[in-house]
Amino acid sequence: GLIDEADRAEIDLASALPRVVAPELAAHWQKTLDFLEILTRAWPAILAERGALDPARRQAMLLDAQGAFWKANPPQAPVWLAGLSAASPALARLARVVAGLPFGAVIPAGFDPGLDDTSWEALNGSPTHPQAGIKHLLTAMGARREEVVPWEWAGAANHPERVALLRRAFLPAESLAAWQTPSEGGTGGLYRLDARDEQEEARAIALALREALEIPGHSAALVTPDRGLASRVAAELARLGIRAEDSAGEALAATPPAVFLRLIAAAVASELAPAPLLSLLKHPLAAAGLPAATCRDLARRLEVAALRGPRPAPGFAGLLFTLDQLGKPDLAAFAARLQRVMQPILAAFAAMAMNPARLIDALIEAAEGLAETDEEPGASRLWAGESGGALAALLAESLPALETLPDMDPADLGELLGAVIDDTRLRRPRSHDAHPRIAIWGILEARLQQVDTLVVGGLVEGVFPAEPDPGPWLSRPMRRTAGLPPPEDRIGEAAHDLTGLIAACPTVILSAPRRQNRAPAVASRFLARIETMLAGRGEFLPAHPAALWARELDQPRSRTECPRPAPCPPAAARPRRYSISEIATLMADPYAIYARRVLRITRLPALEEETDTALFGNIVHDGLREFHEQNADSNAPDAESRLANAFERAMRAHRPRPALAAWWAARLDRLARWVITTERDRCASRGRAAKIAVERDAEHRIGEFILRGRADRIERCADGSISIIDYKTGSPPKPGEVEAGTAPQLVLEALMAMDGAFGPEFQGKVSELAYWQLSGGAREGSLKPLFDGEPHRLGEVIAKAAHALPRLLERYALDATPYLDAPHPSRRTFDRPYSGISRRAEWDESA
């Protein structure tokens, strides 16, 4: 960009750059200048070796050659150079030649002959003024303003009052005193659209365009440099049944074949993380040699079986291992097929580095293999249509250049692909179903056309005009010293474009949202100038009602109160078997029991669910179970190493991420040491337990109901009483929660043990309920006994549960008892997975 800018301005960088760093500037600018020797030494040598020219320099030479030819051979036919609002030196020289031809004419666009002399002379120091580019053009041509002859034609817009308004609003700083004097110029046909955010702006613009269609024969268009706004307006118009084509086309990177290539690169770079892999497999082009519908069906089944919940180990090896563990041979065969067709890109990613062209080749080969169906080759599907053809042509053109680049990390393939295709736009032929009277234009297209209603959208500072960026290489003072044009010239060009648009059409709507990208937006300096000038004379731009229409469009005419759900299914449909954890849910959130057990709705786990804490808990439980099932003696000299080995085997079975496994290994070693020390202390103080069981399942009948549970650890103590211990790798409930009944797990297990549900060897009076908090962190673990030293209180809590549990179960067995959504604010479950089904946010103001 710097090379082209210098060539257009006809600046010799080799002589200009050495003098741009003044002594008072920071030292890093000298480093930048040293780096830019690439432009002054290496790059000219490369061009000379290839016999090539930079594009901007070649264009300037072509313009000079054309001018020299016409000067020597003046054509005897009309030659017009039209539409200029600014010009490079070469184009200005050509304009001077054309103006001197016998039948030549230079027609500048949007020239304002009514600007006073003082303001015209001030334009030399006001590059942001709409007429600054034209003044520079005339000066470069050696022409005077008086020599410009106004040209009236039948199709010209005739809005002199609006031209006067714009001329006054955009006066240079030296002439702003004129704002204090009475003036002509009106706002007839000019409106302001004030939207709250960019989405409301898009909806309002769509409604304003739709309104124009109510007048027979009227046409309307949106003009904006903001491609995001253009896309949103197109979507809102589609909602109204109008298809409007964007003259800027669509980004090639957003077309199906380009997205398919990027999804392959993302999936392989992420080592088949669930979200990128499913995005790839659900793409319409994915087939892997199968019918496309079959591939999508297998992808959905793979998602539910293996990709939701904890993420499988990385790569196809981890995915195949998970499917083997789950006993899914058909899905394992599908994964193996995917591995075969994607082998070219998998092999490329296995390399430490690879030439970019070879990397793209491997990606293309994998994409064609993955796009193949049982009836059609992958290449025919991938490169079909306008988007496929354009992508194929672009890649074919890019590969020879990519071959000259050094090897790169395959993990950067996605960024490489983006660098190749992101700036390319696909312009399709006009569709037959596009509306003939509605259009979306860029600035250039809008210069050449005229409509009855024009909406200028996205008038936000930094968008229209774009932020004047001097570039990464030279500061503004350095550019000025080098002779490069100031970045503010682009603001002047944007101002010229805007004033031309406002003056051209009968009805013009200027739109700027108050917020953009979730932050307050600053209205464009152009819009601010117009509004400030009008405010000075007590006027304002009339508000267009489309913003109010947009706010009312989705508002219902009346509000229907949503009652709180209170389902009362028949008794026959109500559950009779409960787990201990479901009892806590039944007390805190009965609706969850209704949704899960009556409606049989099960929430799918999230993709790449954050289950690190739960997985660590499973490893700890599995390791302790293995240790106790081997009847290991905690007093044995090797007890600690045996428990540590059991933890290690449990972790290998669960296969956590390598980094997580390395982190947890140290925690598990500390935990093994703490557990064995604690076991020995218990044995010394309480005597050796007569019998210990871990992960013991039990069922307990309560009338017509069955209560199921599993004790992490239950033991018969030396004195014959029963001790129940629950292992917690997180935070255990507080004693107050247990006594209040909001955390009933251990109390219900005690109730079951007293009735012999865990077997006759564990039937008897319960003397201890305790949580062992096993973190393995800085504090390896801690004992959390409940009601320690208060046996009477423990007995009261168990007796209270024995009385309350049957009443709770019988109550929810009645037809008339509703399953309410979280009726007790003080009782909360870990999460509320069914709050969306119960529409809680609609009726609960506290939700």
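Residues numbered from 1 in each chain as written. Predicted model: local features only at pLDDT ≥ 70, side-chain atom pairs only at ≥ 80, totals over all residues. Heavy atoms only, no water.

Brief notes about the layout of surface pockets
Consideration 1: For the second largest pocket, the calculated volume is near 1,800 Å³.
Consideration 2: In this structure, the second largest pocket is lined by 45 residues; those nearest its centre are Ser581, Thr585, Lys728, Gln745 and Phe830.
Consideration 3: Elements with a contribution of two residues or more to the lining of the second largest pocket: helix 27 (580-588), helix 28 (590-598), helix 29 (612-629), strand 14 (705-716), strand 15 (722-728) and helix 33 (745-754).
Consideration 4: Take the lining of the second largest pocket: its biggest share by element is seven residues, from helix 27.
Consideration 5: Of the residues contributing to the lining of the second largest pocket, the split by class is 14 nonpolar, 16 polar and 15 charged. (1 Å grid on protein atoms, 1.4 Å probe; cavity = no way out; pocket = protein on both sides within 12 Å on 5 of 7 lines; lining within 4 Å. Points joined across faces, edges and corners; volume = space filled by probe spheres on them. Helix = DSSP H or I, 4+ residues; strand = E, 2+ residues; numbered from the N terminus. Nonpolar A, V, L, I, M, F, W, Y, C, P; charged D, E, K, R; others polar.)

A word on the sheet that holds strand 9 (residues 507-513)
Consideration 1: If you walk across this open sheet you meet the five strands as 3-9-8-4-7, and the pairing is parallel. Because the sheet does not close on itself, it has two edges, and the strands there are strand 3 (190-195) and strand 7 (438-441). For this sheet, the mean inter-axis angle between neighbouring strands, taken without regard to orientation, is 20 degrees.
Consideration 2: For strand 3 and strand 9, the ladder comprises six bridges, and the chain directions are parallel. Looking at strand 9, one finds that Tyr191 is bridged to Ile509.
Consideration 3: Each of strand 4 (220-223) and strand 7 is contacted by helix 11 (residues 227-239), which is oriented at about 165 degrees to strand 7, the strand it contacts most. (Pairing = 2+ DSSP bridges. Axes fitted to C-alpha atoms, helices over the stretch in contact; angles between N-to-C directions. Contact = heavy atoms within 4.5 Å.)

Focus: the packing of helix 16 (residues 329-341) against helix 17 (residues 343-350)
Consideration 1: Direction vectors running N to C along helix 16 and helix 17 enclose 70 degrees, while the axes themselves pass 5 Å from each other. By the angle between their directions, the pair helix 16 and helix 17 is classed as roughly perpendicular. Residues Gln339, Arg340 and Val341 of helix 16 lie in contact with helix 17, whose contacting residues are Gln343, Pro344 and Leu346. (Parallel < 35°, antiparallel > 145°, perpendicular 65-115°, else oblique.)

Section: the pairing of strand 2 (residues 104-108)
Consideration 1: Pairing of strand 1 (residues 79-84) with strand 2, which is carried by five bridges, proceeds in the parallel orientation. The residue of strand 2 that forms the bridge with Leu84 is Pro108.

Examining the environment of Lys135
Consideration 1: You can see Lys135 is positioned in helix 8 (residues 132-141).
Consideration 2: If sequence neighbours within four positions are ignored, Lys135 has contacts with Trp120, Glu121, Leu123 and Asn124.

Observations concerning the nonpolar core
Consideration 1: By size, the foremost hydrophobic cluster in this structure holds 61 residues, and its most contacted members are Phe260, Ile264 and Ile345.
Consideration 2: With ten residues, the single largest contributor to this core is helix 18 (residues 356-371).
Consideration 3: If near-sequence neighbours (up to four positions away) are discounted, Phe260 is found in contact with Leu280, His283, Leu285, Ala286, Ala367, Leu370, Ala371 and Leu382.
Consideration 4: Formed by 47 residues, the second largest nonpolar core is a distinct cluster that contains Tyr578, Ile714, Met752 and Ala753. (Core = buried A, V, L, I, M, F, W, Y, C linked by side-chain atoms within 4.5 Å. Buried < 20%, exposed > 50% of the residue type's maximum accessible area, 1.4 Å probe, protein only.)

As for the packing of aromatic side chains
Consideration 1: In the structure shown here, the tally under the stated rule is eleven aromatic pairs.
Consideration 2: Ring plane angle 55 degrees and centroid distance 5.3 Å describe the contact between Phe616 and Trp664, whose orientation is recorded as tilted. Here Phe616 is found in helix 29, whereas its partner Trp664 is found in helix 31 (residues 658-686), with 48 residues between them in sequence.
Consideration 3: With a centroid separation of 5.4 Å and 35 degrees between ring planes, the pair formed by Tyr812 and Tyr819 is classed as tilted.
Consideration 4: Looking at Tyr812, the relative accessible area reads 5%, which means it is buried.
Consideration 5: Given a relative accessible area of 0%, Tyr819 falls into the buried group.
Consideration 6: By way of ring pairs, the aromatic residues Tyr591, Tyr594, Tyr812 and Tyr819 are connected into one cluster.
Consideration 7: A cation over an aromatic ring shows up here: Arg597 above the ring of Tyr578, its NZ or CZ 5.8 Å from the ring centre.
Consideration 8: Its end group placed over the ring of Phe616, Arg667 keeps NZ or CZ at 4.1 Å from the ring centre. (Phe/Tyr/Trp six-rings, centres within 6.5 Å; stacked < 30°, edge-to-face > 60°. Lys NZ or Arg CZ within 6 Å of the ring centre and 35° of its normal.)

In short, the description is geometric, and any link to function would need to be established separately.
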